[in-house]
Amino acid sequence: AVSLAHHFSEASADLISGYGELLSAQLLTCYLNSTGHSAAFCDARDVLSITHQEVGPIPIWDQSQARLEAWRKDQSAPIWIITGYIASDDKGAPTTLKRNGSDYSASIFAALLDAKDVTIWTDVDGVYSADPRLVVQPLIQEKLSYKEAMELAYFGAKVIHPNTMAPLVERTIPIWIR
């Protein structure tokens, strides 16, 4: 369609970029089921509803909670594979959570599910006391308050985005960086 129309919109980008997440989550679900585990696949676009605002994508909490509860009613599998990064906008169109969207969706679903904690897997060993590209032997911080983590993010730490922290801070859900 993009080729025929000679037009590539943000909506097209959101739709296309979501397919990798859908396919990888479906493959993981199939793999787990083929190895004797009982797993259910959840397309976050069917559950997570967001609105795009100046500060970025914001969950529509009541609608998302109701959709999640409806999805949960039909599930008996103890393992749920929920896609990250993708959602539906307030009109029902497929969209993404943009930068750091996978981490953000993890925190949103943690809030919706009233999780006891969230683990964010990243390509660094944790949150450092300083930028390891600029400081020799910065220290990994074993524990930070939400306020300290927000300050680090504000000053450019790339480990965790403020949007990712917001749903967790509101519900005092701990975040683990691994």
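A brief look at the structure comes next. This is a predicted model, so every value here is computed, not measured. (Residues numbered from 1 in each chain as written. Predicted model: local features only at pLDDT ≥ 70, side-chain atom pairs only at ≥ 80, totals over all residues. Heavy atoms only, no water.)

Comments concerning the overall build of the chain
Along the chain, the regular secondary structure elements total 6 helices and 8 strands. Its helices and strands in sequence order give the chain the pattern α-α-β-β-β-α-β-β-β-α-β-α-α-β, from N to C terminus. Counting only C-alpha atoms and orienting by the principal axes, one finds that the chain spans roughly 50 × 45 × 35 Å. Within the chain, buried positions represent 34% of all 178 residues. Sequence-distant contacts, at least 24 apart, represent 62% of the contacts inside the chain between residues at least 6 apart. Per element, the accessible surface of the chain, about 11000 Å² overall, is 56% carbon and sulfur. A distance of 2 Å separates the average location of the 14 positive side-chain charges in the chain from that of its 21 negative side-chain charges. (Helix = DSSP H or I, 4+ residues; strand = E, 2+ residues; numbered from the N terminus. Buried < 20%, exposed > 50% of the residue type's maximum accessible area, 1.4 Å probe, protein only. Contact = heavy atoms within 4.5 Å. Areas by Shrake-Rupley, 256 points an atom, 1.4 Å probe, with all protein chains shown as cover. Lys, Arg positive; Asp, Glu negative; His and termini not counted. Charge placed at Lys NZ, Arg CZ, Asp CG, Glu CD.)

Points about the side chain of Asp89
With respect to the element layout, Asp89 can be found in strand β5 (residues 86-89). Among buried Asp, Glu, Lys and Arg side chains, Asp89 stands out as unpaired, with Lys91 the closest opposite charge at 5.6 Å. At a separation of 2.8 Å, a polar atom in the side chain of Asp89 contacts the main-chain amide nitrogen of Lys91. Apart from the residues lying within four places of it in its own chain, the contact partners of Asp89 are Ser49, Ile50 and Thr95. (Salt bridge = Lys/Arg side-chain N within 4 Å of Asp/Glu carboxyl O. Polar contact = N/O pair within 3.5 Å; in protein donor to acceptor, adjacent residues only side chain to side chain.)

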